[in-house]
Amino acid sequence: MSTITQPRLGLAAHPVAGIVRVAFGLLTLAAITGSLIHSASQGPVNPFNFFGYFTIQNNLLMGVVLIAVAVRSLSGRAPSLGWSLARGFAVSYMAVVGIVYNTLLVGVDGGASLPWSNFVMHVLFPIIAVLDWIVFTDRVTLPWRTFWWVLVYPAVWTIVVLIRGATDGWVPYPFLNPANGYGVVALYCLGVVVAFLVSAAVVYWIARLRPGRDPR
């Protein structure tokens with residue numbers, strides 16, 4: 001590893017750290033795969049339903065991003081704004097997944113039909129994602145002008161879910177069920193939006209508290 005990139009990458013450039021990060025990324029991908037296989041063994045699986053869960057989508061996103069970022073750092077490549085945003089947003093989403101599940105959805109599989117995959121996706125990996133952001137500084141400082149972008153993906157996901165709930169009746173989580181009344185659903189959505197903003201603000205703050213490379 002060159003001495004030029006080492007100060008920018010810090011601990012992330014260490015081979016052991018890279019292996020551990022890749023291993024956790026692969027673990028969550030295995031959890032998703034295991035849950036899909038288990039669901040398929042119980043009967044036909046609608047891929048639009050299985051991959052419609054926010055938990056599934058964001059564990060998949062975080063797993064892929066974590067592996068990609070770890071490989072980039074191991075190869076000595078300096079962090080970029082694009083990958084830092086992808087990682088920061090994914091961490092924000094994973095934190096909300098962990099918080100919402102363990103407060104509002106305890107006992108609901110959320111797309112993770114196996115107990116061990118449920119634990120990985122709703123408890124273990126959200127913790128790992130946040131710790132990874134704190135410990136490994138192979139990222140650039142996230143510009144505040146990009147802060148509101150964090151809401152784009154959750155907003156699109158929510159709109160799609162509400163449309164599906166009103167048309168084919170499928171909803172991934174009980175609090176988004178139109179049968180509860182759209183007023184109740186709106187209140188829950190507002191609460192989740194606040195959770196996303198707080199989570200993202202903490203992610204941006206950590207990037208400044210433990211800065212990596214300045215994007216300038």
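Just so you know, these numbers come straight off a predicted model, no measurement behind them.

About the cut-offs
Residues numbered from 1 in each chain as written. Predicted model: local features only at pLDDT ≥ 70, side-chain atom pairs only at ≥ 80, totals over all residues. Heavy atoms only, no water. Axes fitted to C-alpha atoms, helices over the stretch in contact; angles between N-to-C directions. Helix = DSSP H or I, 4+ residues; strand = E, 2+ residues; numbered from the N terminus. Parallel < 35°, antiparallel > 145°, perpendicular 65-115°, else oblique. Left-handed = near helix turned anticlockwise from the far one by under 90°. Contact = heavy atoms within 4.5 Å. Patch = residues over 30% accessible without salt bridge, like charges linked within 9 Å, V, L, I, M, F, W, Y side chains within 5 Å. Areas by Shrake-Rupley, 256 points an atom, 1.4 Å probe, with all protein chains shown as cover. Salt bridge = Lys/Arg side-chain N within 4 Å of Asp/Glu carboxyl O. 1 Å grid on protein atoms, 1.4 Å probe; cavity = no way out; pocket = protein on both sides within 12 Å on 5 of 7 lines; lining within 4 Å. Points joined across faces, edges and corners; volume = space filled by probe spheres on them. Core = buried A, V, L, I, M, F, W, Y, C linked by side-chain atoms within 4.5 Å. Buried < 20%, exposed > 50% of the residue type's maximum accessible area, 1.4 Å probe, protein only.

A.B. asks: Even after reading the chapter, I still don't get the packing of helix α5 (residues 81-104) against helix α6 (residues 115-135), so can you show me in this structure?
C.D. replies: Angle between the axes and distance between the axes are the two parameters that describe a pair of packed helices. The N-to-C vectors of α5 and α6 enclose an angle of 135°; their axes lie 8 Å apart at closest approach. Taken together, the axis directions place α5 and α6 in an arrangement best described as oblique. Relative to α6, the crossing made by α5 is left-handed. Of the residues in α6, those touching α5 at S84, R87, G88, V91, M94, A95, V97, G98, Y101 and N102 are N118, M121, H122, V123, F125, P126, A129, V130, D132 and W133.

A.B. asks: Sorry if this is basic, but what is going on with a nonpolar patch on the surface here?
C.D. replies: On the surface, a nonpolar cluster with roughly 590 Å² of combined accessible area is contributed by L190, V194, V198, V202, W205 and L209. Note that V202 resides in helix α8 (residues 182-209).

A.B. asks: Looking at this structure, how should I read empty space enclosed by the protein?
C.D. replies: Where empty space is left in the structure can be found by rolling a water-sized probe over the atoms. Overall, the coordinates contain 1 cavity of 30 Å³ or more when judged by the stated rule. In this structure, the largest cavity encloses a volume near 70 Å³. L9, V69, R72, S73, R77, P79, S80, W83, S84, R87, D138 and R139 are the residues that line the largest cavity. The set of elements that each furnish at least two residues to the lining of the largest cavity consists of α4 (54-74) and α5.

A.B. asks: Sorry, what's going on with the nonpolar core here?
C.D. replies: If you look at soluble globular proteins, the nonpolar side chains tend to sit buried side by side. Residues F54, M62, W133, Y173, F175 and L176 are the most contacted members of the largest nonpolar core, which totals 43 residues. Of all elements in the fold, only α2 (15-42), α4, α5, α6, α7 (152-167) and α8 reach the threshold of two or more residues within this core. In terms of residue count, α5 provides more of this core than any other element does, 10 residues in total.

A.B. asks: Even after reading the chapter, I still don't get the pattern of salt bridges, so can you show me in this structure?
C.D. replies: Where charged atoms from two side chains of opposite charge approach closely, those side chains can pair. Enumeration according to the criterion identifies 5 salt bridges in this entry. Measuring nitrogen to oxygen at the nearest pair gives 2.9 Å for the salt bridge that ties D138 to R21. Of this pair, D138 sits in the loop between α6 and α7 while R21 sits in helix α2, and the two are 117 residues apart along the sequence. Of the two residues examined, D138 and R21, each falls in the buried class. Put simply, R87 and D132 hold a salt bridge, and the shortest N to O gap is 2.9 Å. Pair noted here: R87 is in helix α5 and D132 is in helix α6, with a separation of 45 residues, a long-range link. D132 sits in the buried class, given a relative accessible area of 5%. Residues joined by salt bridges that share partners form a network here, namely R21, R87, D132 and D138.

A.B. asks: Can you help me understand the environment of I19 in this one?
C.D. replies: Here I19 is to be found in helix α2. Residue class for I19 comes out exposed when judged on its relative accessible area of 59%. In sequence terms I19 and A68 are 49 residues apart; their C-alpha atoms lie 12 Å from each other.

A.B. asks: Help me understand the packing of α2 against α4, please; the structure alone is not making it clear to me.
C.D. replies: Contact geometry for α2 and α4: axes closest at 8 Å, N-to-C directions at 160°. In terms of axis orientation, α2 runs roughly antiparallel to α4. Along this stretch, α2 crosses α4, giving a crossing that reads as left-handed. Judged by residue contacts, P15, G18, R21, V22, F24, G25, L26, T28, L29 and I32 of α2 engage I56, N59, L60, G63, V64, L66, I67, V69, A70, V71, S73 and L74 from α4.

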